[in-house]
Amino acid sequence: MAAAAMVEAGRVEENLATLMGDLGACFARVEPLRQAGKYVRGLIADLPRKNCWTLAEHAGDTTPDRMQRLLERAVWDTDKAMGVVRDFAVARLADPDGDNTLIFDESGVEKTGTGTCGVTRQYVGCAGKVTNAVNLVNATYATRAGHALVGSRLWIPAAHLDDDARRAATGVPADTEFATKPRLATDLLTETLDAGVPVRWCTADAVYGRDRRLRDTCETRGIGYSLGVPCSFRITLPGWKTKIRADTAVTALTTDTAWQTMSCGAGSKGDRWYAWAWIATASPRHYLLVRRSLADPDDLAYFYCWIPERLPATLTALVRVTGRRWTIEEDHGFGKDHFGFDQFQNRLHTPIMRHIVLVMAALAVCAVTAADAAAGTTPPPRPTHPSEPPPADLGLIRLTVVEIKRLYNLATRAWHSLEHHLRWSWWRRRHQARARWYHYRSRLT
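This one's a predicted model, so the numbers in the text were calculated from it and none came from an experiment. (Residues numbered from 1 in each chain as written. Predicted model: local features only at pLDDT ≥ 70, side-chain atom pairs only at ≥ 80, totals over all residues. Heavy atoms only, no water.)

Asker: Tell me about helix α5 (residues 78–93), and please be specific about residues and values.
Answerer: The terminal C-alpha atoms of α5, which comprises 16 residues, lie 23 Å apart, in line with the 22 Å expected from a rise of 1.5 Å per residue. Turning to α5, its buried residues are Thr78, Ala81, Met82, Gly83, Val84, Val85, Arg86, Phe88, Ala89, Val90 and Leu93. At the N-terminal boundary of α5, the capping side chain belongs to Asp77, with an oxygen 3.2 Å from the backbone nitrogen of Asp79. (Helix = DSSP H or I, 4+ residues; strand = E, 2+ residues; numbered from the N terminus. Expected span 1.5 Å × (residues − 1). Buried < 20%, exposed > 50% of the residue type's maximum accessible area, 1.4 Å probe, protein only. Polar contact = N/O pair within 3.5 Å; in protein donor to acceptor, adjacent residues only side chain to side chain.)

Structure (structure tokens):
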């Protein structure tokens, strides 16, 4: 165990050093680059909260000033840094002959105030309700080796962009124009392809699937897709002159023999089995893919698909690609639960995006290390029937991103002196006393 922890910790350190070296071209000075390395290490660490205060204390800084300056005032190219993180992950995860897939989805971060860039009342999936939050449109790159976040854009409501005072107060760049979430996903797709990233497929939920521009961009660039669509999505069937709804087409054309039970990939509790049917459209390369729950036959999900000429048109391929959408959900879960994706306390546009880029870097380092550790290993055996007893030794599951993070922290844990932590206790109490004084004064005003 100790040897394994040291080996994987060494791999994390090597990958982190490589990535930080690549990021050097994005920084005007070496001091902010070194501080960024401390920031990323803090994000990988086992801290209960990951903001500038806790990250600075973990790094050994005497105050959070350097961490705050890194996000707010230091000179470095945030967009270029995001591209470097993407290229680092892609270079180590891409499969030359595999179904390299780009997945899009948004992730909400709840906020109590109204001064954060992009904050507004909106539906947030993680909260399951309409609440005050900001939303980020993210892209995950998924292959057989692994997956990692490779792009992100902050969605800003049109009303905020039309308000010059609010734009100035939240630091929105002057060239920022309103874009819908599907438009932000399209921009991420175009930027990724222009960078030469090998992408064979694209998948997303119905928020993006019903957007014609995203679908057209995929087809123009030769990227196959399986995109979720609502039941009201209209398609043209072969020989029909008018379009009909997707749910109507399923009712009219599918029989019991049209459904095939297939797994769309392994989940945390085994294969994810569904019944699938696909319906040809008037276009020879477009299909309507329908997923039906085995537990609830009335639970249907619809996907509009396009397969390029160079790829075989098979149901197996569409099911496999559609099943990869869960990887971005996993990245969102990893990012929020273990890397502080949703723990930024900044209000301005640039600091928020810089925090997200550094979270992406921390996640990419662990994801790449996990993929390296899994290469060539054999997964534990699975049962073949319900009453089969387990073998005497089942072995070990492959190292996950979270376990890589734990091993790194176990092997590299460095405790600062008691004097360091006592000084931080003094600093926090002093800072909070000043903040309390100003809060009381504002109430009097």
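Further notes follow.
Asker: So what's going on with the pattern of salt bridges? Residues and values would help.
Answerer: Under the counting rule described, the total for this entry stands at 19 salt bridges. Taking the shortest distance from any N to any O, the salt bridge between Arg212 and Asp216 comes out at 3.1 Å. With Arg212 and Asp216 both in helix α10 (residues 212–220) and 4 residues apart, this pair spans about one turn of that helix. (Salt bridge = Lys/Arg side-chain N within 4 Å of Asp/Glu carboxyl O.)

Asker: Can you break down the environment of Val207 residue by residue, with the values?
Answerer: Structurally, Val207 can be placed in helix α9 (residues 206–209). Spatially, the C-alpha atom of Val207 lies 35 Å from that of Leu55, the residues being 152 residues apart in sequence.

Asker: Pulling in residues and values, what's your account of the packing of aromatic side chains?
Answerer: In this description, a pair of aromatic rings is defined by centroid distance and the angle of the planes. Applying the stated criterion to the full structure yields 8 aromatic pairs. With a centroid separation of 6.4 Å and an interplanar angle of 40°, the aromatic rings of Tyr225 and Tyr304 are classed as tilted. Of the two residues, Tyr225 sits in strand β6 (residues 224–229) while Tyr304 sits in strand β12 (residues 300–306), which places them 79 residues apart along the sequence. Note on Tyr304: relative accessible area 13%, which makes it buried. Summarising the aromatic geometry, the rings of Phe233 and Tyr304 are spaced 5.0 Å apart at their centres and angled 50° between planes, so their arrangement reads as tilted. Here Phe233, found in the loop between β6 and β7 (234–235), pairs with Tyr304, found in strand β12; they are 71 residues apart in sequence, far enough to count as distant. Tyr304 shares its class with Phe233; the two are buried. Joined through ring pairs, the aromatic side chains of Tyr225, Phe233, Tyr304 and Trp306 make up one cluster. (Phe/Tyr/Trp six-rings, centres within 6.5 Å; stacked < 30°, edge-to-face > 60°.)

Asker: Quick one: what's the story with the packing of α5 against helix α14 (residues 349–374), residue by residue and with numbers?
Answerer: Viewed as axis vectors pointing N to C, α5 and α14 meet at an angle of 10°, and their least axial separation amounts to 10 Å. On the basis of their axis angle, the class for α5 and α14 is roughly parallel. Crossing handedness for the pair α5 and α14: left-handed. Between α5 and α14, the residues in contact are Thr78, Ala81, Met82, Val85, Phe88, Ala89, Arg92 and Leu93 and Thr350, Met353, Arg354, Val357, Met360, Ala361, Ala364, Val365, Val368 and Ala371, respectively. Partitioned by chemical class, the residues of the contact of α5 with α14 number 14 nonpolar, 2 polar and 2 charged. (Axes fitted to C-alpha atoms, helices over the stretch in contact; angles between N-to-C directions. Parallel < 35°, antiparallel > 145°, perpendicular 65-115°, else oblique. Left-handed = near helix turned anticlockwise from the far one by under 90°. Contact = heavy atoms within 4.5 Å. Nonpolar A, V, L, I, M, F, W, Y, C, P; charged D, E, K, R; others polar.)

Asker: Please set out the environment of Ser425 residue by residue, giving values where relevant.
Answerer: Residue position: Ser425 is located in helix α16 (residues 418–444). For Ser425, a relative accessible area of 28% puts it in the partly exposed group. Note: C-alpha distance between Ser425 and Phe339 (86 residues apart in sequence) is 24 Å.

Asker: How would you explain the nonpolar core if you had to name every residue and give the values?
Answerer: In terms of nonpolar packing, the biggest core is built from 111 residues, with Leu23, Phe104, Phe339 and Leu358 touching the most fellow members. Among the elements that take part in this core, α14 stands out by supplying 17 residues, more than any other. Apart from the residues within four sequence positions on either side, Leu23 is in contact with Leu33, Ala81, Val84 and Val85. One finds Leu289, Ile307, Leu315 and Val319 within the second-largest nonpolar core, a separate group that totals 15 residues. (Core = buried A, V, L, I, M, F, W, Y, C linked by side-chain atoms within 4.5 Å.)

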